Amino acid sequence: MTTSETFKTEMIGLLPRLRRFAVSLTRSAPDADDLLQDVCTTALQRWQHYDPAQPLDRWLFRITRNLWISEIRKRKVREGQGQVPAEEATELQTADADDALNAKPLHARVSALPVDLAQPLMLVCAEGYSYREVSELLEIPVGTVMSRIHRARKLLVSALGHEEGITA
């Protein structure tokens, strides 16, 4: 049985990963912060519904995704909201300046991918989830996850190759 304090401690440990996922969804650091705050509020209000037999991170990633989908639906009703591109988000920058310079074009290209390609790519490549876990999290077939990751990788390689002047 998970206690409230144990739940809070585990959730706090997952915040950096949740924030990265929120940025990949929202493409905006301020929106990601707002989303993460909503995720924490929802999770803390509903912590008794969490099944300790399941990984907490998957439960929190699902809440994050569902809250973002709800926010997108709300925004369609409202007038335009300003967005900050993910490549400008400070949480995606590394401590090493060379790594940061080399990673910036990749961050820009990942943020330019359609969301349906970027989500599985980030969950598998950045968060280390298996294809099956991503399939369950995003509620799509495993084959679709594999196909989307393959397409995302091909688009990234093609785009980065054109920037470098590399032809296949």
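Just so it is clear, the model here is predicted, and its values are computed rather than measured.

We now examine the packing of aromatic side chains. Under the criterion given, the structure shown has six aromatic pairs. Residues Phe21 and Phe61 carry aromatic rings whose centres are separated by 4.9 Å and whose planes lie at 70° to one another, so their mutual orientation is edge-to-face. With Phe21 in helix α1 (residues 4-26) and Phe61 in helix α3 (residues 56-77), the pair connects residues that are 40 residues apart, well separated along the chain. Here Phe21 and Phe61 have matching classes, each one buried. On the numbers, 5.4 Å between centres and 50° between planes, the contact of Tyr50 with Trp59 is tilted.

Another aspect to go through is the packing of helix α5 (residues 115-126) against helix α6 (residues 131-138). In contact at an axis separation of 10 Å, α5 and α6 are set at 135° when each is read in the N-to-C sense. Taken as axis vectors, α5 and α6 run oblique relative to one another. In the packing of α5 onto α6, the handedness of the crossing is right-handed. Together, Gln119, Pro120, Leu123 and Val124 of α5 and Tyr131, Val134, Leu137 and Leu138 of α6 make up the contact between the two elements. For the contact of α5 with α6, the per-class residue count stands at seven nonpolar, one polar and no charged.

So, on to α1. In an α-helix there are 3.6 residues to a turn, and that puts residues three or four apart on one side. Taking 1.5 Å as the rise per residue, α1 with 23 residues should run 33 Å; its terminal C-alpha atoms sit only 29 Å apart, a clear shortfall. Roughly 50° is the biggest bend found in α1, and it falls at Leu15, with proline Pro16 one to four residues downstream. Of the residues making up α1, those classed as buried are Phe7, Met11, Leu14, Arg17, Leu18, Arg19, Phe21, Ala22, Val23, Ser24, Leu25 and Thr26. Once α1 finishes, Arg27 follows within two positions and takes phi at roughly 65°, a positive value.

The rules behind the values
Residues numbered from 1 in each chain as written. Predicted model: local features only at pLDDT ≥ 70, side-chain atom pairs only at ≥ 80, totals over all residues. Heavy atoms only, no water. Phe/Tyr/Trp six-rings, centres within 6.5 Å; stacked < 30°, edge-to-face > 60°. Helix = DSSP H or I, 4+ residues; strand = E, 2+ residues; numbered from the N terminus. Buried < 20%, exposed > 50% of the residue type's maximum accessible area, 1.4 Å probe, protein only. Axes fitted to C-alpha atoms, helices over the stretch in contact; angles between N-to-C directions. Parallel < 35°, antiparallel > 145°, perpendicular 65-115°, else oblique. Left-handed = near helix turned anticlockwise from the far one by under 90°. Contact = heavy atoms within 4.5 Å. Nonpolar A, V, L, I, M, F, W, Y, C, P; charged D, E, K, R; others polar. Expected span 1.5 Å × (residues − 1). Bend = angle between axes of the 7 residues up to and from the residue.

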